[in-house]
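Structural overview
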Amino acid sequence: MLVIISVKAGQKTRSQRKPGMNNGGPKYKRIILKVTGEVFAGTGNFGIDGATVKAFAQEIKEVKDLGCELALVIGGGNIFRGAVASEIGMDRASADTMGMLATVINSLALQDALEKIGVSTRVLSAIEMRQVAEPYIRRRATRHLEKGRVVIFAGGTGNPYFTTDTTASLRAMEVSAEVILKATKVDGIYDADPLKRSDANKFEELTYIEVLNRELKVMDSTAISLCMDNQLPIIVFNIMEKGNIKRVVSGESIGTLVSGGKR
Ligand code: UDP
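Bear in mind that the values here come from a model prediction, so they are computed numbers and not experimental data.

Moving on, we get to the overall build of the chain. If you tally the helices and strands in the chain, you get 8 helices and 12 strands. Relative to the compact-globule value of 18 Å for 263 residues, the chain shows a C-alpha radius of gyration of 17 Å, a close match. Along the first, second and third principal axes, the C-alpha atoms of the chain reach 50 × 45 × 35 Å. Looking at the chain residue by residue over its 263 residues, the buried ones come to 46%. In the chain, the share of contacts with a sequence separation of at least 24, taken over all contacts with a separation of at least 6, comes to 72%.

Below you can see the structure in the form of structure tokens.
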């Protein structure tokens with residue numbers, strides 16, 4: 001069984017680790033980067049902050065330049081979450097559809113920012129809307145990746161009652177990605193909310209089953225289970241720190257690794 005190594009909130013032990021084994025080159029060739037919609041809101045809670053999206057696009061470009069094949073799954077929580085709307089009486093399926101459309105809005109914002117700095121991208125939507133995005137077709141997604149285009153998966157899975165975390169797991173399996181990088185606003189998985197509790201402990205590594213048993217709020221259980229069944233590693237890290245995507249892709253041990261065994 002995997003030993004859980006943890007450090008106190010705010011401790012810097014992780015950053016003292018050795019850099020990746022690949023001298024700055026990518027450790028992973030094909031990557032799914034899941035970005036929660038909140039990241040797009042920058043310091044606010046709602047909507048899209050242009051400067052944040054621009055800075056994020058720049059980081060994507062740098063990762064791309066390492067030679068990775070990069071696909072992104074974008075959330076929509078900065079605009080609309082189905083579960084919240086259903087609590088105030090909306091039909092859940094309709095509310096979730098609105099949530100999925102929110103992910104398309106974010107995806108188009110990111111595409112625009114990426115193309116402005118010369119990164120070739122394709123938005124593939126699970127909900128067909130041919131005037132604005134290609135429909136999601138697995139083989140086409142793979143082909144875009146092989147051609148070096150950044151692929152943005154929009155519209156979630158296309159089904160209500162799912163999340164974009166599950167979308168990331170599903171798409172990762174479909175396109176044979178080696179890892180899911182889950183970008184959040186905190187630097188890994190904690191046993192309590194590090195923003196509220198100074199004694200919260202950060203996990204360096206966890207197994208899928210530990211995440212499920214401890215009910216850690218990192219990804220929903222469907223997403224974790226899917227990764228567990230297919231032995232796909234997940235790295236949860238802080239995207240708000242500049243250069244972190246590149247660090248994690250290069251193999252630096254930042255954030256928390258969720259897998260079936262040791263790093
Ligand atoms: N959603 C959905 N099916 C999916 C993916 C997303 O119905 O396959 C809806 C759901 O309502 C969700 C919203 O889209 O609340 C936004 O996605 P999510 O909450 O995963 O975004 P994030 O929290 O990552 O910003």
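Turning our eyes to something else, we now look at the site of the ligand. In the neighbourhood of the ligand, 23 residues make up the surrounding shell, with Gly75, Gly77, Gly82, Gly99 and Gly156 lying closest. Going through the elements one at a time, helix H2 (82-87), helix H3 (92-116) and helix H5 (164-174) are the ones with two or more residues in the shell around the ligand. When residues in the shell around the ligand are grouped by element, the largest group, 5 residues, is from H3. Each residue belonging to the shell around the ligand can be placed in one class, and the counts come to 5 nonpolar, 14 polar and 4 charged.

For the rest of this paragraph, the subject is H3. Its 25 residues give H3 an end-to-end C-alpha distance of 37 Å, which sits within 8% of 36 Å, the value for a rise of 1.5 Å per residue. Looking at the residues trailing H3, positive phi occurs at glycine 118, about 85 degrees.

Parameters and conventions
Residues numbered from 1 in each chain as written. Predicted model: local features only at pLDDT ≥ 70, side-chain atom pairs only at ≥ 80, totals over all residues. Helix = DSSP H or I, 4+ residues; strand = E, 2+ residues; numbered from the N terminus. Rg over C-alpha atoms; globule rule 2.2 N^0.38 Å. Buried ≥ 20, exposed ≤ 12 C-beta atoms within 10 Å, placed from the backbone. Contact = placed C-beta atoms within 7 Å. Near = placed C-beta within 6 Å. Nonpolar A, V, L, I, M, F, W, Y, C, P; charged D, E, K, R; others polar. Expected span 1.5 Å × (residues − 1).

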